[in-house]
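Spelled out, the chains give:
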Amino acid sequence: MIELSHLTKVYGDIPVVNDVHMEIESGTITVIVGTSGSGKSTLLRMVNRLIEPTEGRVFIEGNDVSMMPAHELRRSIGYAIQNHGLFPHWTVARNIATVPMLLGWDRKKVAARVEELMELFQLDHAQFAGRYPHELSGGQQQRVGVARALAAKPALLLMDEPFGALDPIIRAKAQTDLKAIQRRTGTTILLVTHDMAEAVHLGDRIAVMDGGRLKQYAPAADILARPADAFVDDLIGSLDRPFHYLTLGTVGAAVEPGEADGAPLAADASLYEGLGALLWSGRKTAPVVDAAGAPIGRVSLDSIAGRAARPR
Amino acid sequence: MIRPGTILRLIVFLALIAFLAAPDRFAGLLAPLTNNGAPPIYNQGSLIDLTLSHLFTVAVSTLAAAVVAVGLAIFVTRPAGAEFLALSRAVVNIGQTFPPVAVLALSVPAMGFGEAPTRMALFLYGLLPIFENTLVGLSTLPPAVVEAASAMGMTNRQRLLKVELPLAMPLIVEGIRLSAVIGLATATIGSTVAAKGLGEVIVAGLLSNNLAFIVQGGVITGVLAVLISDGFQAVARQAAKRRGARPQTET
Amino acid sequence: MTTLSDAGTDGAAAPRVDRLGVVIAILVAVTLALPFATFRATRIASGTGLRLFDALPPMEAAAVTAVLIAALVTAVASRSPVFRLVLGALAIGALALGVGAAGTHLTPTDNPYARIAPASGFWVGVFATAMLVTDAMVRLKLGPVGRLVALVATAALIVALLASGAWSHLSLIAEYRNRADVFWREAINHVVLAAGSLAAAVAIGLPLGVLAYQVRAVRDPMINVLNIIQTIPSMALFGILIAPLGWIAANVPGAHAIGIRGIGTAPAFLALFLYSLLPMVANTVVGLTGVSRAVVDAARGMGFTDRQRLLQVEMPLALPVVLTGIRIVLVQNIGLATVAALIGGGGFGVFLFQGLGQTATDLILLGALPPVALAFAAAVVLDAVIEISGKGKA
C-alpha cells in the first residue's frame with residue numbers, strides 16, 4: 001500500500017503540488033490524469049524522490065521513503081517515461097539489465113531475466129538484444145523502456161505518459177498489453193497521462209489533478225457518473241462521456257436470451273465495441289458467443305443504450 | 001574493407017618512419033633545395049630524437065590538460081560548482097582569443113627557457129578546447145537519459161561515470177584532438193625558447209638559408225600533425241557511432 | 001539543455017558564502033603580500049622586488065590598499081553584480097595608477113637608465129580583479145551594445161592613461177619609446193597582414209563555400225583538403241611555402257617586382273590565407289545548410305531564380321554563421337601574424353622574438369600584449385555584430 005501523505009511542492013511562490021493526499025492499493029493500476037501544468041508529473045516524481053517534497057511524506061508499505069538513500073529507493077521502483085530515456089550507448093540487452101546489474105545480480109540470472117522480459121514484450125532476443133536504441137522503431141523503444149523498468153521485479157512501477165509518443169494503433173495495443181502484464185505480475189502501477197480515454201481504459205482508480213490539487217480520486221465509473229466538479233466534468237468531456245462509460249462494461253453483462261442475425265460479438269468485448277459493431281452493420285441486435293465460440297444469447301442496441309445513460 | 005584514405009595514410013606513415021630511420025638515404029631528394037653544398041639532411045642533432053622529444057612534450061602537456069580540463073568541466077556542471085560556470089565559460093572564451101605564441105612568450109619571464117615554458121603554454125592553452133567541449137558534451141545530454149539514469153537508482157557518481165561521460169566522449173575526444181593539434185604547432189615554435197623539438201630544424205634552416213632543412217622540418221611536423229589528428233578523429237567517430245550520432249564538426 | 005540539478009538531488013540551495021568571491025578575495029590578499037614593482041638599476045641588471053608600501057609614497061600606497069580591500073570585501077559579501085563591477089573596475093584602476101605612480105616614485109633623478117616594472121603582485125592583482133569584473137559583467141547579461149560600450153570605455157581609459165604619462169616611468173613604456181617608429185611600422189604590417197589575408201579569404205572562401213554547398217560532390221573533398229591544411233603547424237606551413245614562392249620569385253617574370261619573395265610577407269600572407277579558408281568555407285556551408293528547408297522551398301515556389309534566392313534569402317539567413325567564420329579567421333590571423341616575424345613577415349612578433357632572444361621581458365611584453373589586445377577587441381566587436389545580425393532571424 002502506498003500512501004501519499006499531504007504532499008506539497010512549492011517552486012518560488014507557486015505550489016505546483018498542493019496538499020495531495022491519497023492511498024494506493026497494492027496490485028492496482030492508478031492513473032493520475034490532468035492537463036499540463038496540473039502537477040501530475042511533479043507528483044509522480046516525488047514518489048521516487050527525483051523531486052523532494054516541500055512538505056508531506058510518501059510511505060511505501062509503511063516505510064517513509066525519505067529515510068533511505070535515494071538511489072536504493074529507486075532501484076526498487078520501476079520508472080518509464082515518455083521519451084523512454086534509453087541509454088544510447090548501451091545495447092537493448094544492457095539497457096534492460098541496468099537495475100539488476102546495479103543490484104549486483106549474477107550474470108546468469110541477469111541474462112535469463114533479460115531473455116524472459118524480451119519474450120514478454122515480443123522482442124525477438126536474437127534480433128534485438130545486440131541492437132542499439134537508435135536502431136529501433138518508436139514502438140520497440142517504448143517496449144524496451146517498460147521492460148527495463150520491470151527488470152528487477154519492482155513492486156511499484158511509475159510511468160509518465162509512457163504511450164504518448166506512439167501512434168494511435170500501436171498505443172491501444174500497448175495499453176492492453178500493459179494491463180495484461182500487470183494482471184500477471186501484480187505490480188502496483190502509478191501512471192500519469194493527460195488522455196482521459198487512456199485513464200478510463202487502464203485505471204482501476206483515477207486521480208484527477210488540476211492546479212496542483214487532487215480534485216477527485218475514485219474508480220472510473222464513479223468519475224464518469226459523479227464528477228466532483230465542473231473541471232472534472234470538463235476533462236471527461238460531454239461528447240465522450242457516455243462512450244467512455246461504455247468501455248467499462250462488457251457485452252456479456254448485457255446479454256439477453258434470444259437469437260439474432262449477422263456476425264457474433266464476443267462476450268468479453270466492451271459495450272463500446274458492441275455498439276460500434278451494431279451501428280456499422282446496421283443491425284438492432286447481434287448474437288453473443290462465449291470464449292469457446294458457443295452462442296449464449298443476443299445483445300440489442302436498446303440494452304446497450306440503456307447502460308450508457310447516466311446512472312442514478 | 002579498407003578505404004583508400006586509410007591506405008594513403010598508411011603509406012605516408014611508413015614513408016615518415018623510413019625517413020626518420022634512415023634520413024641520409026633521402027639526401028638526394030633534398031639536395032636540389034640546397035645551395036653552396038650545404039648539407040641536405042639536418043646534421044645538428046638526431047631527427048628521431050627531436051621527433052620523439054617534440055611528441056613527448058605535446059603528449060605530456062595534452063594529457064595533463066585533459067585531466068584538469070575534464071575535471072574542471074565536471075566540477076562546474078555539478079551543483080557544487082554551478083556558481084563558477086558562467087565565469088569559466090567567459091574565461092575560456094577570452095582565453096581562446098589569445099594567440100598561443102603570446103602565451104608561450106609570456107611564460108618565459110615566469111619560467112625561464114627550455115621545456116618548462118613550452119609545457120606550461122601548451123598546458124594552459126590546451127585546457128581551453130577540452131574544457132569547452134567537455135562542458136558542451138555534459139550539458140547537451142538528452143534530459144530523458146540523464147533523468148532515467150537517476151531514476152534507475154544510479155548514484156551521482158555512477159551516473160557520471162556510466163552514462164554522462166561515455167555519452168560526452170565524442171566531444172571530449174574532439175576537444176583533445178584540437179588541443180593536440182594546437183599543441184603540436186606551438187611546440188614547434190617552442191624551439192625559439194630552447195625547447196627540444198622539430199622547430200629547431202626549421203629555425204636552423206631559416207638562419208642558414210637552407211631550404212632543405214626548412215622543408216624537412218616542415219614536412220615531418222606537418223605529417224605528424226595530420227596523422228595524429230586523423231587518429232583522434234577516428235577514435236571520436238568510433239565513440240559517436242555507439243551512441244548513434246555523429247561527432248559535431250565544429251569550427 | 002539538461003537540468004542536472006533536477007535529475008539528481010533537488011537542486012542544492014545557493015551556498016551562503018560566494019565561493020568565487022572567496023577565491024578572488026584570497027588572490028587580492030596575496031596581491032598585497034607579493035612584490036608590487038621591480039626595480040632594476042640598468043636594463044640588464046637583476047631586479048629587486050618591492051612591496052606596495054616600499055614602492056609608493058605612504059598616501060598612495062594606503063589609497064591603493066584601501067581600494068583593494070574594498071574590492072576584497074565586495075567580492076565576498078556583495079551579490080549585486082553592479083556593485084562588484086564598480087568595485088572591481090575601481091580596483092583595476094587603482095592598480096593601474098598605482099603601478100604608474102610607483103614608476104614615478106622609484107625612478108631616481110640621477111639615474112636615467114633605471115627600469116621599473118610591474119611585479120608578480122601587480123599581475124596577480126590584475127588577474128583577480130579582472131575575474132571580479134568579468135564575472136560581474138557575465139551576470140549582468142549585457143547585450144551586444146553594452147559590451148561594445150564597455151570595450152570602448154576600457155580602450156579609452158587605457159589610451160588616456162598612456163597619453164597622460166601616468167605610465168611613462170615604467171620600463172615597458174621606456175622600451176616602447178626607444179623604438180616607437182618601428183613599433184608603429186610593425187603595427188601596420190601586422191594589421192595589414194591579418195586583415196588583408198582575411199579579405200582575401202572572404203573574397204575567395206565565400207564563393208568556394210557557396211560552391212561546396214551547391215555541389216554536393218565537391219563538398220567533402222574540399223573540406224577534407226582544407227582540414228589537412230588547417231592541421232599543419234603554422235611554422236611548418238610558413239616554411240614549406242618558402243620553397244615554391246622562392247622559385248616563383250626567381251623564375252616567373254614580374255613576380256619579384258610585385259613583392260613575391262621566398263621569405264617575408266609573401267609566404268606569411270599565403271599561409272594566413274590558406275589557414276583562413278577552412279573556417280570560411282566550412283562556416284558558409286554550415287550556415288547555408290542551416291537555413292530552414294521550408295523557407296528555401298517557399299522561396300523557390302514564389303518564383304525566385306536560383307541566384308536571387310541565394311542572394312536575397314539564403315545568404316542573409318546564413319549571415320550570423322558566416323560572420324562567426326569571419327570572427328574565427330580574424331582572431332586566428334592576428335595570432336598567426338605574430339609568428340610571421342620568424343620568416344621575416346614583420347608584425348608585433350618582431351619584438352616578441354627579439355625579446356625572447358635577449359631575455360628582455362619588456363620587449364616580450366611589447367610584442368605580446370598588442371596582439372592579445374587586438375585579438376580580444378576583434379572578438380568582442382565581431383561577437384556583438386554577430387549577435388545583432390542574428391536578432392529576429394532565428
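Anything mentioned here points back to the structure above.
Residues numbered from 1 in each chain as written. Chains lettered and ligands numbered in written order. Predicted model: local features only at pLDDT ≥ 70, side-chain atom pairs only at ≥ 80, totals over all residues.

Novice: For this particular structure, what's the right way to read the overall build of chain C?
Specialist: Along chain C, the regular secondary structure elements total 16 helices and 3 strands. Dimensions of chain C along its principal axes, counting C-alpha atoms only, are 75 × 70 × 35 Å. With 394 residues in all, chain C has 42% of them scored as buried. Of all intrachain contacts in chain C linking residues separated by at least 6 positions in sequence, the fraction that spans at least 24 positions is 73%. (Helix = DSSP H or I, 4+ residues; strand = E, 2+ residues; numbered from the N terminus. Buried ≥ 20, exposed ≤ 12 C-beta atoms within 10 Å, placed from the backbone. Contact = placed C-beta atoms within 7 Å.)

Novice: Looking at this model, I keep getting lost on the overall build of chain A. Mind explaining?
Specialist: Each helix and strand in chain A was counted, giving 14 helices and 13 strands. Its C-alpha atoms give chain A a radius of gyration of 22 Å, near enough to 20 Å, the size a compact globule of 312 residues would have. Considering only C-alpha atoms, chain A reaches an extent of 60 × 50 × 30 Å along its principal axes. Out of the 312 residues belonging to chain A, those deemed buried represent 41%. For chain A, long-range pairs separated by at least 24 residues make up 63% of all intrachain contacts whose partners lie at least 6 apart in sequence. (Rg over C-alpha atoms; globule rule 2.2 N^0.38 Å.)

Novice: Teacher, can you tell me more about the interface of chain B and chain C here?
Specialist: Interface size is commonly expressed as the accessible area that is lost once the parts come together. On the chain C side, the residues contacting the 50 residues of chain B number 53 residues. Of all elements in the fold, only helix H4 (85–95), helix H5 (100–111), helix H7 (143–152), helix H8 (156–189), helix H9 (199–207) and helix H10 (211–242) of chain B reach the threshold of two or more residues within the side of chain B that touches chain C. Take the side of chain B that touches chain C: its biggest share by element is 11 residues, from H10 of chain B.

Novice: Which parts of the structure should I look at to understand unusual backbone geometry?
Specialist: Of all residues except glycine, most have a negative phi; of all peptide bonds, most are trans. At alanine 194 of chain B, a residue that is not glycine, the phi angle is positive and equals roughly 70°. Positionally, alanine 194 of chain B belongs in the loop between H8 and H9. Even without being glycine, lysine 141 of chain C reaches a positive phi, approximately 50°. Mapped onto the elements of the fold, lysine 141 of chain C is located in the loop between helix H6 (120–140) and helix H7 (144–164). The exposure class of lysine 141 of chain C is exposed, given the 9 C-beta atoms found within 10 Å.

Novice: Explain the packing of helix H2 (residues 19–33) of chain C against H6 of chain C to me, please; I cannot follow it from the model alone.
Specialist: How two helices pack is summed up by the angle between their axes together with the distance between the axes. Residues and elements named next belong to chain C. Remark: H2 packs on H6, axes separated minimally by 8 Å, with the N-to-C direction vectors making an angle of 155°. Comparing the axis directions of H2 and H6 gives the class roughly antiparallel. Here H2 and H6 pass one another in a crossing that is left-handed. Between H2, through Leu20, Ile24, Leu27, Val28, Val30 and Thr31, and H6, the contact on the second element is made entirely by Gly121, Val124, Gly125, Phe127, Ala128, Met131, Leu132 and Asp135. In terms of residue class, the contact of H2 with H6 is built from 10 nonpolar, 3 polar and 1 charged. (Axes fitted to C-alpha atoms, helices over the stretch in contact; angles between N-to-C directions. Parallel < 35°, antiparallel > 145°, perpendicular 65-115°, else oblique. Left-handed = near helix turned anticlockwise from the far one by under 90°. Nonpolar A, V, L, I, M, F, W, Y, C, P; charged D, E, K, R; others polar.)

Novice: Please explain the pairing of strand E7 (residues 156–160) of chain A as it appears in this structure.
Specialist: If a strand is regular, its side chains alternate between the two faces of the sheet. Residue and element names in this part refer to chain A. Of all 5 residues in E7, 4 are buried, a share of seventy percent or more. Sheet topology note: the strand E6 (residues 77–81)/E7 ladder contains 5 bridges and is parallel. Looking at the pairing, tyrosine 79 lines up with leucine 158 of E7. Alignment of E7 against strand E8 (residues 188–193), held across 5 bridges, turns out to be parallel. Among the inter-strand pairings, leucine 157 is bridged to a residue of E8, identified as isoleucine 189. Regarding the hand of the β-α-β motif, the stretch spanning E7, helix H8 (residues 168–185) and E8 is right-handed. (Pairing = 2+ DSSP bridges. Right-handed = clockwise from strand over helix to strand, strands pointing away.)

Novice: Mind showing me how you'd approach the sheet that holds strand E2 (residues 48–50) of chain C here?
Specialist: As a general point, the strands of a sheet are linked pairwise by backbone hydrogen bonds and lie either parallel or antiparallel. Residue and element names in this part refer to chain C. Strand order in the open sheet formed by 3 strands is E2-E1-E3, with antiparallel pairing between adjacent strands. Every interior strand has two partners, whereas the edge strands, E2 and strand E3 (115–118), have only one. Pairs of neighbouring strands in the sheet enclose a mean axial angle of 30°, with direction left out of account. The pairing of strand E1 (residues 37–40) with E3 spans 4 bridges and is classified as antiparallel. For threonine 38, the partnering residue across the bridge sits in E3 and is alanine 117.

Novice: What should I look at first to understand the environment of isoleucine 17 of chain B in this one?
Specialist: Residues and elements named next belong to chain B. Along the chain, the position of isoleucine 17 falls in helix H1 (residues 4–21). You can call isoleucine 17 exposed: it has 11 C-beta atoms within 10 Å. As for isoleucine 17 and glutamine 44, which are separated by 27 residues in sequence, their C-alpha atoms are 19 Å apart.

Novice: I tried to follow the sheet that holds strand E12 (residues 285–289) of chain A on my own but got confused; where do I start?
Specialist: Residues and elements named next belong to chain A. Sheet architecture is open: 3 strands sit in the order E11-E12-E13, paired in mixed fashion. Unpaired on one side and paired on the other, strand E11 (265–266) and strand E13 (295–300) mark the two borders of the sheet. When E12 meets E13, the two strands line up antiparallel, connected through 5 bridges. Counted as the bridge partner of proline 287 is arginine 298 from E13.

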